[in-house]
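What follows is each chain in one-letter form.
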Amino acid sequence: PGWTQRIAQAFGRVFKIDRPFVVQFTPTGADGQLVQGWIAPEDRQAIPIDAFGDGARSVFKLLTYLIALTAITRSGAPGLLLWEEPELYQHPQTLALLLQEVANLVRGRPVQVFISTHSLEVVAQVTTMLQSEQISEEDVLLFRVDLKDGKLISSWFNKDNLIAWLESGWDPRTFQEFVSPVQFRLRQEEV
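Residues numbered from 1 in each chain as written. Predicted model: local features only at pLDDT ≥ 70, side-chain atom pairs only at ≥ 80, totals over all residues. Heavy atoms only, no water.

## Some details on the pattern of salt bridges
- Summed over the entire model, instances satisfying the criterion amount to 6 salt bridges.
- A salt bridge links Arg13 to Glu101; the nearest nitrogen and oxygen atoms lie 2.7 Å apart. Of the two residues, Arg13 is situated in helix H1 (residues 3–15) and Glu101 in helix H3 (residues 92–106); the sequence distance between them amounts to 88 residues.
- Assessed through its relative accessible area of 5%, Glu101 is described here as buried.
- With a shortest N-O distance of 4.0 Å, Arg44 and Asp43 are connected by a salt bridge.
- Since its relative accessible area comes to 47%, Arg44 is described here as partly exposed.
- Taken together, the salt bridges that share partners define one network made up of Arg19, Asp43 and Arg44. (Salt bridge = Lys/Arg side-chain N within 4 Å of Asp/Glu carboxyl O. Helix = DSSP H or I, 4+ residues; strand = E, 2+ residues; numbered from the N terminus. Buried < 20%, exposed > 50% of the residue type's maximum accessible area, 1.4 Å probe, protein only.)

Structural data, given as structure tokens:
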């Protein structure tokens, strides 16, 4: 009950939509086995999610799956989200809000989220969420992997060493020394 409202609320938070709208699903296809998601603003005709841009479609599909998953998981039946390249199609501000929304949706639920990314923005946003305690350091572990001479090598970062690396301007994604044309350094916002 209420899952389409939960999708609309989560979608609205990610895209900062302050006007009322609803989410609808209608059967499609010759046999009606497929469904089409729609965004229906209160004062306009409903628009199929596939008429939106890649970023909105990606967020809608992720949130629909995750909200359905969190609704059916329980202690004896946990859930799993494998999320590859969350930064695809996302504006940096939308990406930050999306990562926060995903963390909020799974908080306190038996759902593990595995993120695979090449994006320093994703790593930095997760680090910022750790620093502000939006997510618990016991709930996050960052791994980096590389294939060298046919062997998989890996290492991991916890909150403290990840923050130290990012504050120093080092790239936690690579094993070898790498000088990026873009320098990134995590900093605490001055209040």
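## Focus on the packing of aromatic side chains
- A full pass over the atoms with the stated rule returns 7 aromatic pairs.
- Each ring, one from Phe11 and one from Phe60, has its centre 6.0 Å from the other, and the planes form 80°; the classification is edge-to-face. Within this pair, whereas Phe11 is found in helix H1, its partner Phe60 is found in helix H2 (residues 54–72), the two being separated by 49 residues in sequence.
- Accessibility expressed as a relative area gives 3% for Phe60, which makes it buried.
- Among the aromatic residues, ring-to-ring pairing joins Trp3, Phe11, Phe15, Phe21, Phe25 and Phe60 into one connected group. (Phe/Tyr/Trp six-rings, centres within 6.5 Å; stacked < 30°, edge-to-face > 60°.)

## A word on the sheet that holds strand E3 (residues 47–48)
- Across the sheet, 3 strands lie side by side as E1-E2-E3; this open sheet has antiparallel pairing. Each of the sheet's edge strands pairs with one partner strand only, and the pair in question is strand E1 (21–28) and E3.
- On the sheet, H1 packs against E1 and strand E2 (34–41) and is oriented at approximately 125° with respect to E1. (Pairing = 2+ DSSP bridges. Contact = heavy atoms within 4.5 Å. Axes fitted to C-alpha atoms, helices over the stretch in contact; angles between N-to-C directions.)

## A word on unusual backbone geometry
- Although it is not a glycine, Tyr89 sits at a positive phi angle of roughly 70°.
- Relative to the helices and strands, Tyr89 resides in the loop between strand E4 (79–84) and H3.
- Residues other than glycine seldom take positive phi values, yet Asp149 does so here, at roughly 55°.
- On the basis of relative accessibility, which here comes to 75%, the residue Asp149 falls in the exposed class.

## Brief notes about the confidence of the model for the protein chain
- When pLDDT is averaged along the protein chain, the result is 90; 92% of the residues meet or exceed 70.
- When mean pLDDT is taken per element in the protein chain, E4 scores highest with 97 and helix H5 (residues 159–167) scores lowest with 87. (pLDDT = per-residue confidence, 0-100.)

## Description of the layout of surface pockets
- Computed from the structure, the largest pocket encloses a volume of approximately 1,200 Å³.
- For the lining of the largest pocket, the secondary-structure elements that each account for two or more residues are H3, strand E5 (111–116), helix H4 (120–131) and strand E6 (142–148).
- With 6 residues, E5 is the largest single contributor of residues to the lining of the largest pocket. (1 Å grid on protein atoms, 1.4 Å probe; cavity = no way out; pocket = protein on both sides within 12 Å on 5 of 7 lines; lining within 4 Å. Points joined across faces, edges and corners; volume = space filled by probe spheres on them.)

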